Amino acid sequence: MKLYRNRFERNRRLPFAGFIIWLPLAAFIVLFVLFYGGIQSVSETGAEKQKESLETALNRSIVQCYAVEGAYPPSLQYLKDAYGLTYDESLFFVDYQPIGSNIMPDVTVLMKKGGKP
């Protein structure tokens, strides 16, 4: 029979001891997932804003060309060369269809699937 108790000896195990050990790791994983989701949301919003900005810049350049020269630009490359239009070609595809010199061209801006903002 023991008359003394060893202070380094555990008498009983806490019921949630395993849970307490894994709690910081679980909290870190949850915070990381939330942070990653927030970053994805911000980048998608930024890409949409870039698309809207490109559409506005295209329309302004087309109208400016018509006002200055009396005819709509014959191609997208002409807008790039003569009016300094620039955009990220790895992120956006611009379909420029001239209809005539006195009819505004049909312009469509599409975001590429593999492009990253």
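The structure this text deals with has already been given above.
In this text, all values refer to a predicted model and were calculated from it rather than measured experimentally. Starting from 1, residues in each chain are numbered consecutively following that chain's sequence as written. In keeping with the predicted nature of the model, local features appear solely for residues at pLDDT of at least 70, side-chain atom pairs appear and are counted solely at 80 or more, and the whole-chain, interface and lining totals rest on all residues. In computing side-chain values, all of the structure's heavy atoms are included and hydrogens and water are not.

**Q** Describe the overall build of the chain, listing the residues and the values that go with them.
**A** Helix and strand counts for the chain come out as 2 helices and 2 strands. Only runs of H or I of at least four residues qualify as helices and only runs of E of at least two qualify as strands under DSSP, and these elements are numbered from the N terminus. In the chain, the succession of helices and strands from N to C terminus is α-α-β-β. Any residue under 20% of the maximum accessible area for its type is buried, any over 50% is exposed, and the rest in between are partly exposed; the area is computed with a 1.4 Å probe on protein chains only. Buried residues in the chain amount to 18% of all 117 residues. Contacts between residues were defined by any pair of non-hydrogen atoms, one from each residue, lying within 4.5 Å. If you take every contact in the chain between residues at least 6 apart in sequence, the share linking residues at least 24 apart comes to 42%. Residue burial considers only the protein chains on display, and all accessible areas are found by Shrake-Rupley using a 1.4 Å probe. In the structure as shown, the chain presents an accessible area of about 9,500 Å², 60% of it carried by carbon and sulfur atoms.

**Q** Explain helix α2 (residues 76–83) residue by residue, including any values.
**A** Looking at α2, one finds that the buried residues are Leu76, Leu79 and Lys80. Each buried residue of α2 lies within a common arc of 100° when the element is viewed along its axis, so the set occupies one face. Positive backbone phi, at 70°, marks glycine 84, one or two positions downstream of α2. This arc is taken over the directions from the axis of the helix to the C-beta atoms.

**Q** Lay out the pattern of salt bridges with the relevant residues and their values.
**A** Any Lys or Arg side-chain nitrogen located within 4 Å of an Asp or Glu carboxyl oxygen qualifies as a salt bridge. Summed over all chains, the structure comprises 1 salt bridge. Residues lysine 80 and glutamate 89 are paired through a salt bridge, measuring 2.7 Å at the closest nitrogen-oxygen approach. By relative accessible area, glutamate 89 is classed as partly exposed at 44%.

**Q** Got a sec to walk through a nonpolar patch on the surface? Specific residues and values, please.
**A** Each patch is built from residues that are more than 30% exposed by relative accessible area and take part in no salt bridge. Like charges join if they lie within 9 Å; nonpolar side chains (Val, Leu, Ile, Met, Phe, Trp, Tyr) join within 5 Å. Together, Ile21, Trp22, Leu25, Phe28, Ile29, Phe32, Val33 and Tyr36 make up an exposed nonpolar region whose accessible area comes to about 920 Å². Summarising the element assignment, phenylalanine 32 is placed in helix α1 (residues 17–69).

**Q** Describe the environment of serine 75, listing the residues and the values that go with them.
**A** Mapped onto the secondary structure, serine 75 falls in the loop between α1 and α2. Along the chain, serine 75 and proline 98 lie 23 residues apart, while their C-alpha atoms are 6.8 Å from each other. There is a polar contact of 3.1 Å between the side chain of serine 75 and the backbone nitrogen of tyrosine 78. In protein, a polar contact requires one atom able to donate a hydrogen and another able to accept it; more generally it is a pair of N or O atoms within 3.5 Å, and residues adjacent in sequence count only if both atoms are side-chain atoms.

**Q** Hey, could you go over a negative patch on the surface for me, with residue numbers and the actual values?
**A** Neither His nor the chain ends contribute to the count of charged residues, in which Lys and Arg are positive and Asp and Glu negative. A charged residue contributes its charge at one atom only: NZ of Lys, CZ of Arg, CG of Asp or CD of Glu. Together, Glu44, Glu48, Glu52 and Glu55 line one region of the surface with negative charge. Along the polypeptide, glutamate 44 turns up in helix α1. Using a relative accessible area of 53% as the deciding quantity, one classes glutamate 44 as exposed.

**Q** Explain the packing of aromatic side chains to me, and be specific about the residues and the numbers.
**A** Two aromatic rings are characterised by how far apart their centres lie and by the angle between their planes. Only Phe, Tyr and Trp rings are paired, with Trp represented by its six-membered ring, and only when their centres lie within 6.5 Å; those with planes under 30 degrees apart are stacked, over 60 edge-to-face, the remainder tilted. Under the criterion given, the structure shown has 3 aromatic pairs. Here the aromatic rings of phenylalanine 28 and phenylalanine 32 are separated by 6.5 Å at their centres, their planes lie at 25°, and the arrangement is stacked. Of this pair, phenylalanine 28 and phenylalanine 32 both sit in helix α1, 4 residues apart, which is roughly one turn of the helix. Assessed through its relative accessible area of 55%, phenylalanine 28 is described here as exposed. Judged by centre distance (6.4 Å) and plane angle (65°), the rings of tyrosine 78 and tyrosine 83 are edge-to-face. The exposure class of tyrosine 83 is partly exposed, given its relative accessible area of 21%.

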